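# Structural characterization, general
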Amino acid sequence: MSNELLAEVVSALPMPALMVDQTERIIASNADARALLGRNIDGRHFATILRQPQVIEAMEKSLRSKGPANSRHLANDGAQDTAFQVHCRYMQGVGAVSGGAVLATFMDVTHLEQASQMRRDFVANVSHELRTPLTALMGFIETLQGPAKDDAAARDRFLKIMTAEANRMNRLVGDLLSLNRVESEERIRPRQQIELIELLHVTLETLRPLADDAGVSLNLSAPENPVRLPGDNDQLRQVFTNLVENAIKYGGSGGSVDVQVSVSDQDTAIRGPAARVRVIDKGPGIDPVHLPRLTERFYRADSHRSRELGGTGLGLAIVKHIINRHRGRLRVESDLGKGAVFTVILPM
């Protein structure tokens, strides 16, 4: 195989690739490899280009044994760290004096490693969230079986706390199941038509007892005409229930929660006709440093207060996935002392 044909073959590979012959120099590379490792790498000794010991060792092993070898290459694309699985495969009859060469391909596995890390973090977070109420339950059970066995006042107090902790675990398991169900359906766009204003009326009426207990007034401002759009009625009700309930719990000190609906023929976020639902509270607000991470699983701007109010840290993650399923957008605006505005944008 001529050097020109060899270069064409390497260039056609859909991932970074280069070839090193028995002179230990790079005899061919494609554009992806040059973008990853440097522009002028052809003709250079592979050790001065690859540099990472484990990759060099794999290349030397493949050249020496004329067999396969694998390694891992770490890089940075300017925005994040990236990881590549390097596969070295020996080819007979190419390179200098047809002595053979090693073809090294770099497969980007960053997304796989990120997914694996997310799974580990998720398991760790769930374990942490469950461990606290379980430890409390076990401690109270042990106390009720021993020192407080005949203490009626202590028994009633402990049973009340145990009920609260059991309810907390039940909410967490429920939210985990809900999140799993929403994620499994995220790519399936809803086809049924719903009436948005009616859905919001029902949601606010359901939450009115909670608002009354907190001394918060709920106000809905919406167009007179019906607003119809494709959506899953139950899931969208879950979205607005979550947002309004959060506004009552965390922003209720402002005395009111306003829900405003507007319709646009050309929404800039959707680039088409859309409805916007804004949930506005006048509470203490959220420090802007927390806003980019609010929809992460188990992320809390105020973890202590969230747990006190029965939050699981999964509500906004569920909201995000439901809105993604509807091909919509979620916008959050807030500042300390100025309340918060959660805007749901849904295509019509």
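Residues numbered from 1 in each chain as written. Predicted model: local features only at pLDDT ≥ 70, side-chain atom pairs only at ≥ 80, totals over all residues. Heavy atoms only, no water.

## Some remarks on the nonpolar core
Grouped together as the largest cluster of nonpolar side chains are 43 residues, with contacts concentrated most on Leu196 and Phe240. Where this core is concerned, the elements lending two or more residues are helix H6 (152–184), helix H7 (196–214), helix H8 (233–251), strand S9 (256–267), strand S10 (272–281), helix H10 (315–325) and strand S12 (340–347). Leu196 has contacts with Val227, Leu229, Phe240, Val261, Ala275 and Val277, leaving out every residue within four places of it along the chain. Val20, Ile41, Tyr90 and Phe106 belong to the second largest nonpolar core, which has 21 residues in total. (Core = buried A, V, L, I, M, F, W, Y, C linked by side-chain atoms within 4.5 Å. Buried < 20%, exposed > 50% of the residue type's maximum accessible area, 1.4 Å probe, protein only. Helix = DSSP H or I, 4+ residues; strand = E, 2+ residues; numbered from the N terminus. Contact = heavy atoms within 4.5 Å.)

## With respect to the packing of H6 against H10
In contact at an axis separation of 9 Å, H6 and H10 are set at 20° when each is read in the N-to-C sense. One finds that H6 runs roughly parallel with respect to H10. Handedness of the crossing formed by H6 with H10: left-handed. Along the contact surface, H6 presents Asp175, Ser178, Leu179, Val182 and Glu183, while H10 presents Ala317, Ile318, His321 and Ile322. (Axes fitted to C-alpha atoms, helices over the stretch in contact; angles between N-to-C directions. Parallel < 35°, antiparallel > 145°, perpendicular 65-115°, else oblique. Left-handed = near helix turned anticlockwise from the far one by under 90°.)

## A closer look at the sheet that holds strand S4 (residues 81–91)
With antiparallel pairing, the 5 strands of this open sheet are ordered in space as S2-S1-S5-S4-S3. On the outer flanks of this sheet lie strand S2 (26–29) and strand S3 (69–76), each paired with one strand and no other. Strand-to-strand twist of the sheet, defined as the mean angle between neighbouring strand axes without regard to direction, takes the value 25°. Strand direction decides the pairing type here: S3 and S4, joined by 8 bridges, are antiparallel. Looking across to S4, one finds that Ala69 is bridged to Cys88. Each of strand S1 (17–21), S3, S4 and strand S5 (101–108) is contacted by helix H4 (residues 53–65), which is oriented at about 150° to S3, the strand it contacts most. (Pairing = 2+ DSSP bridges.)

## Let's talk about the layout of surface pockets
In this approach, a probe sized like a water molecule rolls over the atoms, and the result shows the empty space that is left. A volume near 260 Å³ is recorded for the second largest pocket. In terms of lining, the second largest pocket is formed by 14 residues, of which the most central are Met118, Asp121, Asn125, Glu296 and Arg297. Elements with a minimum of two residues in the lining of the second largest pocket: helix H5 (110–145) and H10. When its residues are assigned to classes, the lining of the second largest pocket shows 4 nonpolar, 5 polar and 5 charged. (1 Å grid on protein atoms, 1.4 Å probe; cavity = no way out; pocket = protein on both sides within 12 Å on 5 of 7 lines; lining within 4 Å. Points joined across faces, edges and corners; volume = space filled by probe spheres on them. Nonpolar A, V, L, I, M, F, W, Y, C, P; charged D, E, K, R; others polar.)

## Some remarks on the packing of aromatic side chains
Applying the stated criterion across every chain yields a total of 1 aromatic pair. Summarising the aromatic geometry, the rings of Phe140 and Phe158 are spaced 4.9 Å apart at their centres and angled 35° between planes, so their arrangement reads as tilted. One end of the pair, Phe140, is in helix H5; the other, Phe158, is in helix H6, with 18 residues separating them in the sequence. Grouping residues by exposure puts Phe140 and Phe158 together as buried. (Phe/Tyr/Trp six-rings, centres within 6.5 Å; stacked < 30°, edge-to-face > 60°.)

## Examining the packing of H8 against H10
Contact geometry of H8 with H10 gives a least axis separation of 9 Å together with a crossing angle of 140°. Our pair here, H8 against H10, has a crossing hand that is left-handed. Contacts between H8 and H10 involve Gln235, Gln238, Val239, Asn242, Leu243 and Asn246 on the former and, on the latter, Gly315, Leu316, Ile318, Val319, Ile322, Ile323 and Arg325. Grouping the amino acids of the contact of H8 with H10 by side-chain chemistry returns 7 nonpolar, 5 polar and 1 charged.

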